[in-house]
Amino acid sequence: MPQQVHVLPPDTIENMKTYYTNALKTTPQGAIFRAKTANAVITAYKSGKVLFQGKEPAAEAEKWTNANTKVPKRQEKNVQQPPYTPPDTLLTGNHVGSDEAGTGDYFGPITTAAVFIKKDQTDLLKELGVKDSKNLSDESIRKIANDILKLDMPYSLLVLRNDKYNNLQQQGWSQGKMKTMLHHHAVTNVLSKIDPTASEGILIDQFCEVPVYKRYIAAENERLPAKTYFMTKAENYSIAVAAASIIARTSFLKEMDQLSKKAGFTLPKGASGKVDEAAARIIKSKGRGVLNSCAKTHFANTKKALHLL
Ligand code: MG
């Protein structure tokens, strides 16, 4: 078995012991510690001698024998802090939150809002009833949105209407990419309206894996702004995301009102059988082409509606 022996200073041995915390084995007599890694078994003795034995003792010894080598970061066993999880201080501090609406609805656009909330606005927003819009009736959402939009609160609201959505979809954009770019642009719009040092970060209501999100924006030559964090169900933890959710949802409702007016009847939300029937009704009365301006035509509802004719 290949092995190496080195004499190392006491502080290096101390650093090693910390570094190998999660790999420590029973300490033999006369030793300070013994650790086992994939490369080697390392035994440090009180005399300062350190024995590296095993498959690749040189690779392990190299970390410690070069005087200029900085202390390697401690090996963590299964404890990897996801870098995009927001610190608790973000949720209670000044921050930007973003959320979208309309992604699961056959009729209507995707609306996305980002908003910057200051710490001292939190109580007022809570009093106004800001919480996740999914748990609020359409009427209370409209009322709360009306109240909060009167506040001094930099925000950006983007509406991706159906004709543009369908166009992008036909060009090969996934809905995930559309959502990503909407969030990204809404957030950067808000950042351009505020003093960046005033914000502790950005929280995005997470809908895809972070590397996927980053890949989408990189494909459009954009970069993730500094201090961007992701979290699922973020509206339950962040008042900024909850406010963004209400603004996006209200905009979606308004768009649906307008589309319903054009259609001549109330367009149902969601993507259920009722939606198939409404789509069939539109095809019958106005022709299939009209769906392009009021529906996400790649949803299965289009085919189902055609079967109903
Ligand atoms: Mg969301």
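Computed from a predicted model, the values in this text were never measured in an experiment.

### Looking at the environment of Lys296
Residue placement: Lys296 occurs in the loop between helix H10 (273-286) and helix H11 (301-308). With residues near it in sequence (within four places) discarded, Lys296 still touches Gly102, Thr103, Asp105, Tyr106, Phe107, Gly108, Pro109, Ile110, Asn162, Tyr165, Asn166 and Gln175.

### So, the coordination of the magnesium ion
Every protein donor of the magnesium ion is accounted for by Asp99 (OD) and Asp205 (OD), and the metal-donor separations fall at 2.0 to 2.2 Å. Here the residue Asp99 occupies a position in strand S6 (residues 95-101), and Asp205 occupies one in strand S9 (residues 202-205), the gap between them amounting to 106 residues.

### Description of the nonpolar core
Counting residues in hydrophobic clusters, the biggest one holds 63 residues, and the most contacted among them are Phe107, Val130 and Leu291. Counting residues per element, this core draws most heavily on helix H9 (residues 239-263), which supplies 13 residues. Both domains that furnish three or more residues to this core are identified here as domain 2 (88-160 + 167-257) and domain 3 (260-308). Discounting chain neighbours no more than four positions away, the residues touching Leu291 are Tyr106, Phe107, Asn166, Ala279, Ile282, Ile283, Thr297 and Thr302. The next biggest cluster of nonpolar side chains, apart from the first, holds 14 residues, and it includes Ile13, Met16, Tyr20 and Ala23.

### Points about the domain arrangement of the protein
Considered domain by domain, the protein is made up of domain 1 (3-65), domain 2 (88-160 + 167-257) and domain 3 (260-308). A separation of 51 Å is found between the C-alpha centroids of domain 1 and domain 2.

### A few points about the sheet that holds strand S4 (residues 41-45)
One open sheet accounts for five strands, arranged S1-S5-S4-S3-S2; its pairing is antiparallel. Edge positions in the open sheet fall to strand S1 (3-7) and strand S2 (24-25), since each of these has one partner strand only. In this structure, S4 lies alongside strand S5 (residues 49-53), joined through four bridges in antiparallel fashion. From the neighbouring strand, Ile42 faces S5, where its bridge partner is Phe52.

### Details of the sheet that holds S6
Ordered in space as S8-S7-S6-S9-S10, the five strands form an open sheet in which the pairing is mixed. Every other strand in the sheet has two partners, leaving strand S8 (155-160) and strand S10 (228-231) as the edge strands with one partner each. The average angle at which neighbouring strand axes cross in this sheet is 15°, direction not considered. Two strands pair when backbone bridges link them, and S9 and S10 are joined in this way by four bridges, in the parallel orientation. Paired with Leu203 across the strands is Tyr229, a residue of S10.

### What to know about helix H5 (residues 138-148)
All buried positions along H5 are accounted for by Ile141, Ile144, Ala145, Asp147 and Ile148. For H5, the angular spread of buried residues about the axis comes to 160°, placing them on one side. Turned more than 90 degrees away from the buried face of H5, the exposed residues are Glu139 and Lys143. On its buried side, H5 packs onto helix H4 (122-127) and H9.

Conventions used here
- Residues numbered from 1 in each chain as written.
- Predicted model: local features only at pLDDT ≥ 70, side-chain atom pairs only at ≥ 80, totals over all residues.
- Heavy atoms only, no water.
- Helix = DSSP H or I, 4+ residues; strand = E, 2+ residues; numbered from the N terminus.
- Contact = heavy atoms within 4.5 Å.
- Donors = N, O, S within 2.8 Å, 3.2 Å for Na, K, Ca; no water.
- Core = buried A, V, L, I, M, F, W, Y, C linked by side-chain atoms within 4.5 Å.
- Buried < 20%, exposed > 50% of the residue type's maximum accessible area, 1.4 Å probe, protein only.
- Domains from an automatic or database assignment.
- Pairing = 2+ DSSP bridges.
- Axes fitted to C-alpha atoms, helices over the stretch in contact; angles between N-to-C directions.
- Arc of directions from axis to C-beta.

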